[in-house]
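Commentary on secondary and tertiary structure
The residues making up each chain are set out below.
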Amino acid sequence: MGTIVQKYGGTSVAGPAEIRRVAERIVRTAEAGNNVCVVVSAMGDTTDRLIALAREVSFDPHPREQDMLLTSGERISIALVSMAIIDLGREAVSFTGSQAGIVTDTRHGKAKIVEIRIGRVRQALADGKIAIVAGFQGVSTSRDVTTLGRGGSDTTAVALAGALKADVCEIYTDVDGVYSADPRIVGGARKLAEVSFEEMLELAASGARVLALRSVEYARNHGVKIHVRSSFNDSDGTWVVREEDMLEQAIISGVAHDTGEAKVTMRAVPDQPGVAGRMFRPLADAGINIDTIVQNVSAEGHTDISFTLPKADLARAEPVLARLAAEVDAEGYVCDPEIAKISVVGAGMRSNPGVAADIFEALADAEINIEIISTSPIRVSCVVRASEATRAVRVVHERLKLGDSFYEAEGPDGG
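Here is a short report on the structure shown in this document.

The rules behind the values
- Residues numbered from 1 in each chain as written.
- Predicted model: local features only at pLDDT ≥ 70, side-chain atom pairs only at ≥ 80, totals over all residues.
- Heavy atoms only, no water.
- Salt bridge = Lys/Arg side-chain N within 4 Å of Asp/Glu carboxyl O.
- Patch = residues over 30% accessible without salt bridge, like charges linked within 9 Å, V, L, I, M, F, W, Y side chains within 5 Å.
- Areas by Shrake-Rupley, 256 points an atom, 1.4 Å probe, with all protein chains shown as cover.
- Helix = DSSP H or I, 4+ residues; strand = E, 2+ residues; numbered from the N terminus.
- Buried < 20%, exposed > 50% of the residue type's maximum accessible area, 1.4 Å probe, protein only.
- Pairing = 2+ DSSP bridges.
- Axes fitted to C-alpha atoms, helices over the stretch in contact; angles between N-to-C directions.
- Contact = heavy atoms within 4.5 Å.
- Core = buried A, V, L, I, M, F, W, Y, C linked by side-chain atoms within 4.5 Å.
- Expected span 1.5 Å × (residues − 1).
- Arc of directions from axis to C-beta.
- Phe/Tyr/Trp six-rings, centres within 6.5 Å; stacked < 30°, edge-to-face > 60°.

Digging into the pattern of salt bridges
Using the criterion set out here, one finds 25 salt bridges in the structure. Among the ionic pairs, Arg117 bridges to Glu115, the shortest N-O distance being 3.3 Å. Among the ionic contacts, a cluster of salt bridges with common partners joins Lys263, Asp336, Glu371 and Arg385.

In structure tokens, the structure reads:
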């Protein structure tokens with residue numbers, strides 16, 4: 001008998017018909033002889049509607065009370081899914097995040113899991129019941145209800161899979177796997193059979209929204225195999241596994257894009273030791289994540305420093321930036337929200353130096369200007385105008401021959 005953790009997103013449980021279909025899939029999995037633990041998100045756009053409701057009542061909703069409000073969405077889902085399973089003749093029991101033993105730190109809205117007290121869930125499985133757990137939520141070390149942030153149900157599922165030592169964590173969503181590019185903008189995008197944890201981490205951090213970044217980090221750290229699948233069909237999806245467990249390794253896995261970042265340039269910063277630390281520490285203290293950083297060559301003792309940050313954090317960052325410009329004696333700062341980051345990810349890039357040249361040539365041929373370049377051993381990212389994002393993804397995807405037609409003709413190694 002195996003143990004399987006399944007996670008169903010909001011579109012998978014959007015209404016009564018969808019919930020009954022999900023219940024039937026869960027029961028089939030249990031009747032195949034598996035212990036089944038299920039994590040569900042709030043129905044459809046419930047979380048967004050609750051956030052909007054909070055803002056109609058309060059200009060700046062209190063974080064603790066907003067978490068209390070938002071967790072109600074998953075409570076509705078777990079009860080309905082359990083009811084549907086029981087109607088199909090199987091025993092099921094629902095758990096909130098706190099009842100399931102998901103203990104977090106005390107940060108509301110973006111809490112991190114610090115411990116899983118798995119006893120009640122494990123006992124339910126031992127009793128032959130299907131355990132239905134609310135995603136996206138937990139209880140803090142100070143006994144307050146917390147939420148895990150966007151994509152938190154993925155993290156809940158992977159954490160439970162790790163604690164239960166599950167054979168696999170199946171993430172069911174409205175797409176049937178991870179693709180070589182967003183299939184909504186690249187018609188020939190190829191579904192990947194496998195992708196490594198490291199590649200998936202880079203893709204998730206670069207804008208691919210199939211899996212939440214923290215869930216992939218947790219899976220890598222705890223050795224949890226993930227299978228990304230569609231909740232609307234029974235076909236195989238994409239396996240996320242250790243690189244050494246992959247059956248084949250393509251040079252490039254995919255192209256991701258992110259239009260949710262803004263670029264900040266701090267102008268004429270004194271080129272002196274310690275200035276960068278003085279600039280970025282206050283932003284870190286304000287909880288603002290900085291991504292790509294580029295410092296220009298110094299001229300006459302001054303330099304420009306450019307970096308990217310989440311567009312959603314820009315309004316919160318600007319007062320900090322204004323203060324920093326004065327403190328470090330910079331000429332000033334400029335914010336540019338109209339950018340996009342295009343990232344090419346692939347473990348095979350370590351031993352194929354021509355990939356970067358292909359990317360830059362493809363963008364040059366399309367007359368798309370690159371504003372910032374950043375790299376890792378398995379990623380090359382370019383910041384371009386937001387208006388050019390879709391075209392940039394398409395031309396790079398085509399130049400690197402990542403589509404189905406190229407792959408079928410040449411194979412995963414290009415030959």
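With respect to a nonpolar patch on the surface
Side chains of Ile76, Leu80 and Met83 sit close together on the surface and give an oily, nonpolar patch of about 260 Å² of accessible area. In this fold, Leu80 is placed in helix H3 (residues 63–87). Accessibility expressed as a relative area gives 30% for Leu80, which makes it partly exposed.

Some words on the sheet that holds strand S7 (residues 137–140)
Taken together, the 4 strands give an open sheet; going across it, the order is S5-S4-S7-S8, and neighbouring strands pair in mixed fashion. Edge strands, defined here as strands with exactly one partner in the open sheet, are strand S5 (113–116) and strand S8 (145–147). Direction aside, the axes of adjacent strands within the sheet are offset by 45° on average. Where S7 and S8 come together, 3 bridges link them in antiparallel fashion. Opposite Gln137, over in S8, you have Thr147 as the bridge partner.

Notes on the sheet that holds strand S2 (residues 35–40)
Ordered in space as S3-S6-S2-S1-S9-S11-S12-S10, the 8 strands form an open sheet in which the pairing is mixed. At either end of the open sheet lies a strand with only one pairing partner, and these are strand S3 (92–95) and strand S10 (194–196). Here the strands of the sheet are splayed against their neighbours by 20° on average, with no regard to which way each runs. Pairing geometry for strand S1 (residues 3–8) and strand S9 (residues 168–173), over 5 bridges, is parallel. Within S9, the residue paired with Tyr8 across the bridge is Tyr172. Sheet strands touched by helix H1 (residues 16–31): S1, S2, strand S6 (130–134), S9 and strand S11 (226–230). Its angle to S1, the strand with the most contacts, is close to 170°.

Observations regarding the nonpolar core
Ranked by size, the top nonpolar core spans 42 residues in total, and within it Val121 and Val133 carry the most contacts. A per-element tally of this core places helix H5 (residues 152–164) first, with 6 residues. Among all residues touching Val133, those that are not within four sequence positions of it are Cys37, Val38, Val39, Val40, Ile78, Phe95, Ala100, Ile102, Val121, Thr156 and Leu160. In terms of nonpolar packing, the next biggest core, distinct from the first, is built from 25 residues, Ile342, Leu363, Ala366 and Ala389 among them.

Comments concerning H5
Between its first and last C-alpha atoms H5 spans 18 Å; for 13 residues at 1.5 Å apiece the expected length is 18 Å, and the two agree. Extensive coverage of H5 is indicated by the burial of 12 of its 13 residues. Positive backbone phi, at 55°, marks Lys165, one or two positions downstream of H5.

Quick look at helix H11 (residues 389–399)
Taken residue by residue, H11 has Ala389, Ala392, Val393, Val396 and His397 as its buried positions. The buried residues of H11 occupy an angular sector of 125° when the element is viewed end-on, so they sit on one face. In the core, the buried residues of H11 are packed alongside strand S13 (254–258), strand S18 (339–345), helix H10 (354–365) and strand S20 (379–385). One or two positions beyond H11, positive phi appears at Lys401, with a value near 55°.

Here's the deal with the environment of Ala79
Along the chain, Ala79 falls in helix H3. Judged by relative accessible area, which is 28%, Ala79 ranks as partly exposed. Taking C-alpha positions, Ala79 is 9.7 Å from Ala92, a pair spaced 13 residues apart along the chain.

Overview of unusual backbone geometry
Of note, Phe136 is a non-glycine position whose phi angle comes to about 75°, a positive value. Along the chain, Phe136 falls in the loop between S6 and S7. Classification of Phe136 as buried rests on a relative accessible area of 10%. The phi torsion at Arg143 lies on the positive side, around 70°, for a residue other than glycine. By the secondary structure assignment, Arg143 is in the loop between S7 and S8.

Section: the pairing of strand S12 (residues 238–241)
Bridge count between S10 and S12: 3 bridges; the pairing is parallel. Note that in S12 the partner of Ser196 across the bridge is Val241. Pairing between S11 and S12: 3 bridges, direction antiparallel. Its bridge partner being in S12, Ile226 is matched across the sheet by Val240.

Details of the packing of aromatic side chains
Summed over the entire model, instances satisfying the criterion amount to 2 aromatic pairs. Measuring from centroid to centroid gives 4.8 Å for Tyr8 and Tyr172, while their planes differ by 10°, and the two rings are stacked. Within this pair, whereas Tyr8 is found in strand S1, its partner Tyr172 is found in strand S9, the two being separated by 164 residues in sequence. Grouping residues by exposure puts Tyr8 and Tyr172 together as buried. Measuring from centroid to centroid gives 5.1 Å for Phe280 and Phe307, while their planes differ by 75°, and the two rings are edge-to-face. Of this pair, Phe280 sits in helix H8 (residues 275–285) while Phe307 sits in strand S16 (residues 302–310); the two residues are 27 residues apart in sequence, bridging distant segments of the chain. Take Phe280 and Phe307: they sit in the same class, and that class is buried.

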